[in-house]
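Residue-level listing of the chains:
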Amino acid sequence: MDFALTEDQRAIQEAARAFAEAELAPHSARWDEEKHFPVDVMKAAAEMGFCAIYAGEEHGGMALGRVEAAVIFEELSRGDVSVAAFISIHNMATWMIDGFGSDDLRARYVPSLVSMDRIASYCLTEPGSGSDAAALRTTAVKDGDHYVLNGSKAFISGAGTSDIYVVMARTGGEGAKGISAFVVDKDTPGLSFGAQERKMGWNAQPTAIVQFDDCRVPAANLLGKEGDGFRYAMMGLDGGRLNIAACSLGGARLALETAQEYVAGRKQFGKALAEFQNTQFKLADMATQLDAARLMVLRGAWAIDTAHAEKTKWCAMAKRLATDACFQIADEALQLHGGYGYLKDYPLERIVRDLRVHRILEGTNEIMRVITAREMLRQ
């Protein structure tokens with residue numbers, strides 16, 4: 001058992017950290033305030049290989065593992081949680097096309113996704129099916145050499161800006177086995193978008209409903225076979241949950257570092273806050289929780305990379321613990337700042353707002369408990 005990153009992994013970590021410090025962190029507050037989606041900066045991240053981390057090398061992907069992805073997303077999210085989280089979604093959509101698309105589909109889409117000349121979104125959640133994702137109602141009916149899609153998807157990151165949408169739709173009967181996956185281009189007739197959602201956080205990326213009204217998609221844009229879409233989606237979510245957990249690590253790490261610096265300089269009752277045992281206990285607990293969360297995330301990543309039998313359980317456990325713990329760390333960091341933590345002069349209130357949604361998306365933390373218990377009781 002070796003808890004150290006390899007030399008190559010450390011080099012990747014340092015590159016991601018340098019990029020985040022130079023290109024993300026200086027602009028994070030402004031992007032949040034202006035609700036700006038920094039496509040140009042994400043294209044620069046793509047030049048570093050960060051937008052196709054675990055896509056294959058044939059069409060330009062990095063072909064790295066999930067451990068490397070977790071390391072990268074922790075570093076990127078320390079610079080900006082919202083932007084890092086969107087890059088993780090783009091990675092998941094790219095991986096699905098590269099992993100399950102035909103040779104023609106991969107050749108048509110993956111190279112431009114690797115470079116982020118085209119941006120991808122992932123469309124599973126619907127207005128009427130969130131946690132019960134297998135109950136989705138968007139339909140795809142075969143009509144000659146096309147499928148006709150009707151329905152809508154909710155809370156879609158990148159909606160209206162992204163060029164490509166990986167969409168889960170029902171081609172068969174009820175339940176998971178009736179769901180298939182499609183690649184839909186933004187300019188497809190019948191595809192439209194709702195108004196931008198007004199959100200608590202994640203303001204540096206757009207979010208809206210994606211609507212399909214007799215949207216004709218070429219049959220060649222089916223990923224894999226009919227009926228396999230939900231399986232692909234769940235495979236993607238094992239890794240997606242770790243990515244979001246890793247993004248929580250980066251945000252919480254910045255919060256902890258900011259709090260540690262603040263309490264060392266802030267004086268009350270004649271001495272620095274850091275000299276009070278209560279403050280020291282808080283910092284110790286925050287650091288311990290952060291470290292424990294990171295270890296669970298890395299174990300989940302290792303489990304995917306090695307196809308471990310318990311990968312789904314360990315990913316769910318890691319996502320649940322990391323996103324809960326990291327939100328609490330950020331909230332404690334804000335508390336240590338007192339009233340100043342509530343001001344936008346400091347990054348704490350933004351980190352709290354951005355990390356809150358991580359306990360909801362990629363499967364709520366209540367669903368993570370369901371998955372964990374189900375996997376336990378199978379044994």
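Refer to the structure printed above.
This write-up is about the structure you can find in this document.

Calculation notes
Residues numbered from 1 in each chain as written. Predicted model: local features only at pLDDT ≥ 70, side-chain atom pairs only at ≥ 80, totals over all residues. Heavy atoms only, no water. Helix = DSSP H or I, 4+ residues; strand = E, 2+ residues; numbered from the N terminus. Rg over C-alpha atoms; globule rule 2.2 N^0.38 Å. Buried < 20%, exposed > 50% of the residue type's maximum accessible area, 1.4 Å probe, protein only. Pairing = 2+ DSSP bridges. Salt bridge = Lys/Arg side-chain N within 4 Å of Asp/Glu carboxyl O. Contact = heavy atoms within 4.5 Å. Phe/Tyr/Trp six-rings, centres within 6.5 Å; stacked < 30°, edge-to-face > 60°. Lys NZ or Arg CZ within 6 Å of the ring centre and 35° of its normal. Patch = residues over 30% accessible without salt bridge, like charges linked within 9 Å, V, L, I, M, F, W, Y side chains within 5 Å. Areas by Shrake-Rupley, 256 points an atom, 1.4 Å probe, with all protein chains shown as cover.

In this section: the overall build of the chain. Each helix and strand in the chain was counted, giving eleven helices and ten strands. In terms of overall size, the chain behaves like a compact globule, its C-alpha atoms giving a radius of gyration of 21 Å where 379 residues would be expected to give roughly 21 Å. Seen through its C-alpha atoms, the chain measures out along the principal axes to roughly 80 × 50 × 40 Å. Put simply, the chain has 379 residues, and 54% of those count as buried.

For strand β5 (residues 179-185), the tally of buried residues reaches seven of seven residues, placing the bulk of the element in the interior. Burial of β5 is two-sided: the residues I179, A181, V183 and D185 facing one way and the residues S180, F182 and V184 facing the other way are all buried. Sheet topology note: the strand β4 (residues 164-170)/β5 ladder contains seven bridges and is antiparallel. What sits directly across from V166, in β5, is V183. Note: β5 against strand β8 (residues 222-223), two bridges, orientation antiparallel. Residue pairing for β8: F182 is matched across the bridge by L222.

Side-chain pairs of opposite charge can arise where the charged atoms are in close proximity. Applying the stated criterion to the full structure yields 27 salt bridges. Residue E74 is joined to R253 by a salt bridge in which the shortest nitrogen-to-oxygen separation is 2.9 Å. Linking E74 in helix α4 (residues 66-79) with R253 in helix α7 (residues 229-265), this pair joins segments that are 179 residues apart in sequence. With respect to class, E74 is no different from R253; both count as buried. Here R253 and E75 are joined by a salt bridge, their closest N and O atoms 3.1 Å apart.

With respect to the secondary-structure elements, A252 resides in helix α7. Setting aside residues no more than four positions away along its own chain, A252 makes contact with L290, C326, I329 and L355.

A word on the packing of aromatic side chains. Any two aromatic rings considered together are summarised by their centre-to-centre distance and by the angle between their planes. If you walk through the whole model with that rule in mind, you get eight aromatic pairs. The ring centre of F276 lies 4.6 Å from the NZ or CZ of K271, which sits over that ring.

There is a patch of nonpolar side chains on the surface, built from M1, F3 and L295 and spanning about 450 Å² of accessible area. Note on placement: L295 falls in helix α8 (residues 277-305). L295 sits in the partly exposed class, given a relative accessible area of 43%.

Attention now goes to the side chain of Q9. Turning to its location among the elements, Q9 is positioned in helix α1 (residues 7-24). Sequence-distant contacts of Q9, that is, excluding residues within four places in its chain, are made with V67, E68 and V71.

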